[in-house]
Amino acid sequence: MGCFKGVVAVGYINEAIDEGNPLRTLETLLLPTANISDVDPAHAQHYQDVLYRAKSQKLGDSESVSKVLWLDEIQQAVDEANVDEDRAKQYGLFNLGSICEKHLGFISLA
């Protein structure tokens, strides 16, 4: 039964990413059935941005058999966003957009 609940959580998280609403995405990341660790509500917008980018890259990959982010990929994106936020605090930078652009090659998909 736990596997089924995880698949349902994957669906909710991917829907929220597609909606583009950081608070909705945060809400789904915090679902107990998702079992995503180290989610910080203060990073909601950055989670949305990193997850959207990861999903867009996956959708653009012709070799990818799946068009959704799975729990391990979602956890990896959350971990990446947390590292970004830690670096921003370490360097006293408050504009994560410029950090992403400079260090991660992030380009807005909007």
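Scroll up a little and you will see the structure.
Here the structure is a predicted model, which means the values were calculated and not measured. (Residues numbered from 1 in each chain as written. Predicted model: local features only at pLDDT ≥ 70, side-chain atom pairs only at ≥ 80, totals over all residues. Heavy atoms only, no water.)

K.L.:
Is there a simple way to explain the pattern of salt bridges in this structure?
P.N.:
Where charged atoms from two side chains of opposite charge approach closely, those side chains can pair. Tallied over the full model, the rule gives five salt bridges. Asp 18 serves as the salt-bridge partner of Lys 55, at 2.9 Å between the closest nitrogen and oxygen. One end of the pair, Lys 55, is in helix α3 (residues 44-60); the other, Asp 18, is in helix α1 (residues 2-19), and 37 residues separate them in sequence. Residue Lys 55 is classed as buried on the basis of its relative accessible area of 6%. Among the salt bridges present, the one from Lys 58 reaches Glu 73, with a minimum N-O distance of 2.8 Å. Of the two residues, Lys 58 is situated in helix α3 and Glu 73 in helix α4 (residues 71-90); the sequence distance between them amounts to 15 residues. For Lys 58, a relative accessible area of 13% corresponds to the buried category. Here the residues in one salt-bridge network are Glu 19, Arg 24 and Glu 27, joined through shared partners. (Salt bridge = Lys/Arg side-chain N within 4 Å of Asp/Glu carboxyl O. Helix = DSSP H or I, 4+ residues; strand = E, 2+ residues; numbered from the N terminus. Buried < 20%, exposed > 50% of the residue type's maximum accessible area, 1.4 Å probe, protein only.)

K.L.:
Teacher, can you tell me more about the side chain of Thr 28 here?
P.N.:
By the secondary structure assignment, Thr 28 is in helix α2 (residues 22-29). What makes Thr 28 buried here is its relative accessible area of 2%. In this structure Thr 28 touches Tyr 12, Ile 13, Ala 16 and Ala 34, once residues within four positions along its chain are discounted. (Contact = heavy atoms within 4.5 Å.)

K.L.:
Would you mind showing me how to read α2 here?
P.N.:
Every α-helix winds through 3.6 residues per turn, so residues three or four apart in the chain are directed the same way. Among the residues of α2, Pro 22, Thr 25, Leu 26, Thr 28 and Leu 29 are the ones counted as buried. The buried residues of α2 occupy an angular sector of 165° when projected down its axis, which confines them to one face. The N-cap of α2, judged by a side-chain oxygen 2.9 Å from the amide nitrogen of Leu 23 a few residues on, is Asn 21. (Arc of directions from axis to C-beta. Polar contact = N/O pair within 3.5 Å; in protein donor to acceptor, adjacent residues only side chain to side chain.)

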